[in-house]
Each structure stands twice: as C-alpha cells, then as structure tokens.
Amino acid sequence: MNIKEVKFNQEAKKPLIKGINIVCDAVATTMGYRGRTVLIESPGGLPIVTKDGVSVAEAIFLEDASESLGAEIVKQACRKTVNEAGDSTTCTAVLTKAILKVAEDALNSGVSAIDVKKGIDEAVRDTIEYIKSEAVSVDDDYIYDVAKISSNNDEDLGKIIADAFIKAGKNGVVSYEQSETSKTYLEFVDGMPIARGWEFEGFINKPENRSIRINRRGCRALSFKRHAQCDV
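Treat the numbers as computed from the prediction; the structure is a model and nothing was measured.

This next bit is on the overall build of the protein chain. Counting its secondary structure elements, the protein chain contains seven helices and four strands. Listed by position from the N terminus, the elements making up the protein chain come as α-β-β-α-α-α-α-α-α-β-β. In the protein chain, which comprises 232 residues, the share counted as buried stands at 21%. Nonlocal contacts in the protein chain, meaning residues at least 24 apart in sequence, comprise 41% of its contacts between residues at least 6 apart. Accessible surface, the protein chain as shown: approximately 18,100 Å² in total, 55% of it carbon and sulfur.

In structure tokens form, the structure reads like this:
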C-alpha cells in the first residue's frame, strides 16, 4: 500500500506552484527563433540537444512528490497541445505560468476561486474569437516562415522543412532521421514504404528466385522479396 502525504492550503499550493514554474521556466527558454537549446541526458547517458518544448517538459522529473504533481500538470497541457495542434507547446507553458501568476494574485486579494475560473473561461472564449477573426489561410510562403522560425532562423534548413511539407501535402507524412552523412537533405517517397517488407523464408518454394508458386484459385508466382500480391 502506497503511503500518501496529505497537505492543505498554502502547504499544498506552494510546492505545486513551484513544480509548475520549474517546468515552465525550462520550456520557456526555447521560445521563438531566438530561443536557446536545452541539453538533456538520455537514458544511455548520451546528451540530447533539443529546442522542442514538449521534449524538454517530458525530461523533467522532480524528487518532491508535490512539486512533481505540478510538473505533471504542465506536461499534460503540453501533450494535449502537441496532439491537437502539433506545435506551440512552449507557448502553452508560457501561458500556463502567466495565467497561474494572475490567478494566484487574484486569490490572494480575496477573489473567490469560482470567479477566477469564470474569468479564465471568458478570457479563453474572447481569445479564440479574436484568433479566428484574424486567421488567414496558410500558403507555401507561410509554411516557409514557420519552418525558418522553428529552425532558429536557419534559412537553408527552413527551406528543406518547408519543401517537405509542401511536397507531402495535407494528407502526407513527414518524418526525420539522423543523416548518414554530414549533409541535411530531403528524400521524397511516393507511397508507403515498408522498412522490412513481407519476406518470410518458410513460404518460399522456389529458392532459385526467392518466389512462391501457388496453383490454386488463379494465383500467380509471387516475389516475397518486398511484397506479395495474389489475384483471388
């Protein structure tokens, strides 16, 4: 049975707020194209250099249980943002700290928690309406601008990233891998690549050309080197 530590009022809020601020301050350093990179120790001991807000947040684990709960609040907010929007996790952390600071000041001045919550909800609605009214359609130039900012204002890297998203289209998938050379390049694959294919030695009955022949139901000789197709 796990032993729980029970805290109330300021004794509970102070470490909770401290944990939130620790994560928010760490993530906020990566904000914008002038943001700084963060060095994270990997499980194997190797350093990871990143400017991704959610990666920074996920790497923070606090020893104090109450502070850790506060840290998890920010992590959950960043995860939700990256799952729904794919970006702006750093902005999420910055807004979380700002909203918390204003809410804390209001509570200390005697405003009820219910009124604070209503004020936050009203501000969220107004903000969403304003963003929708000012929103513009994203074209290729905007994609390049966003990619350049995300890559620390690196024009060459921003162009590669933008080209990747433009070529893939709205329904495409963009992924990145460590380059085997010193160059950063874009590789476009039309279709769905299968890294390992469907090869299975047990099905091969023509080892001379690594194929299988099935005489029933009109199936033709098929190669299992990469894929299998059967006219049933």
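Read on for the rest.
Here the protein chain shows a mean pLDDT of 82. Residues at 70 or above account for 85%. Put simply, strand S4 (residues 222–223) is where the protein chain has its lowest mean pLDDT, 45, and helix H5 (residues 113–134) is where it has its highest, 94. Low pLDDT (under 50) marks residues 218–232, which in the prediction has 31 contacts with non-local residues, meaning those over four places away or in another chain.

Here helix H4 (residues 89–108) crosses H5 at 145 degrees, and the two axes come no closer than 10 Å. Crossing angle aside, the handedness with which H4 passes H5 is right-handed. Packed against H4, whose contacting residues are Ile99, Ala103, Ala106 and Leu107, the element H5 presents Ala113, Val116 and Ile120 at the interface. The residue inventory of the contact of H4 with H5, partitioned by class, reads seven nonpolar, no polar and no charged.

Let us now look at the packing of aromatic side chains. In the structure shown here, the tally under the stated rule is zero aromatic pairs. Its guanidinium or amino end placed over the ring of Phe61, Lys75 lies 3.9 Å from that ring's centre, counting from NZ or CZ.

Quick look at a negative patch on the surface now. Judged by side-chain charge, Asp139, Asp140, Asp141 and Asp145 come together as a negatively charged surface patch. Topologically, Asp139 is positioned in the loop between H5 and helix H6 (140–150).

Residues of strand S1 (residues 38–41) alternate between two faces, with Val38 and Ile40 buried on one and Leu39 and Glu41 left unburied on the opposite face. Pairing geometry for S1 and strand S2 (residues 47–50), over four bridges, is antiparallel. When the bridges of S2 are listed, Glu41 appears paired with Pro47. Hairpin geometry of S1 and S2 is characterised by an intervening segment of five residues between the two adjacent antiparallel strands and by a positive phi of about 95 degrees at Gly45.

Inspection of the secondary structure puts Asp87 in the loop between helix H3 (65–84) and H4. By relative accessible area, which is 43% here, Asp87 ends up partly exposed. When the C-alpha atoms of Asp87 and Ser150 are compared, they prove to be 9.7 Å apart, with 63 residues separating the residues in sequence. When near neighbours in sequence (up to four residues on either side) are disregarded, Asp87 contacts Thr81 and Val82.

About the cut-offs
Residues numbered from 1 in each chain as written. Predicted model: local features only at pLDDT ≥ 70, side-chain atom pairs only at ≥ 80, totals over all residues. Heavy atoms only, no water. Helix = DSSP H or I, 4+ residues; strand = E, 2+ residues; numbered from the N terminus. Buried < 20%, exposed > 50% of the residue type's maximum accessible area, 1.4 Å probe, protein only. Contact = heavy atoms within 4.5 Å. Areas by Shrake-Rupley, 256 points an atom, 1.4 Å probe, with all protein chains shown as cover. pLDDT = per-residue confidence, 0-100. Axes fitted to C-alpha atoms, helices over the stretch in contact; angles between N-to-C directions. Left-handed = near helix turned anticlockwise from the far one by under 90°. Nonpolar A, V, L, I, M, F, W, Y, C, P; charged D, E, K, R; others polar. Phe/Tyr/Trp six-rings, centres within 6.5 Å; stacked < 30°, edge-to-face > 60°. Lys NZ or Arg CZ within 6 Å of the ring centre and 35° of its normal. Patch = residues over 30% accessible without salt bridge, like charges linked within 9 Å, V, L, I, M, F, W, Y side chains within 5 Å. Salt bridge = Lys/Arg side-chain N within 4 Å of Asp/Glu carboxyl O. Lys, Arg positive; Asp, Glu negative; His and termini not counted. Charge placed at Lys NZ, Arg CZ, Asp CG, Glu CD. Pairing = 2+ DSSP bridges.

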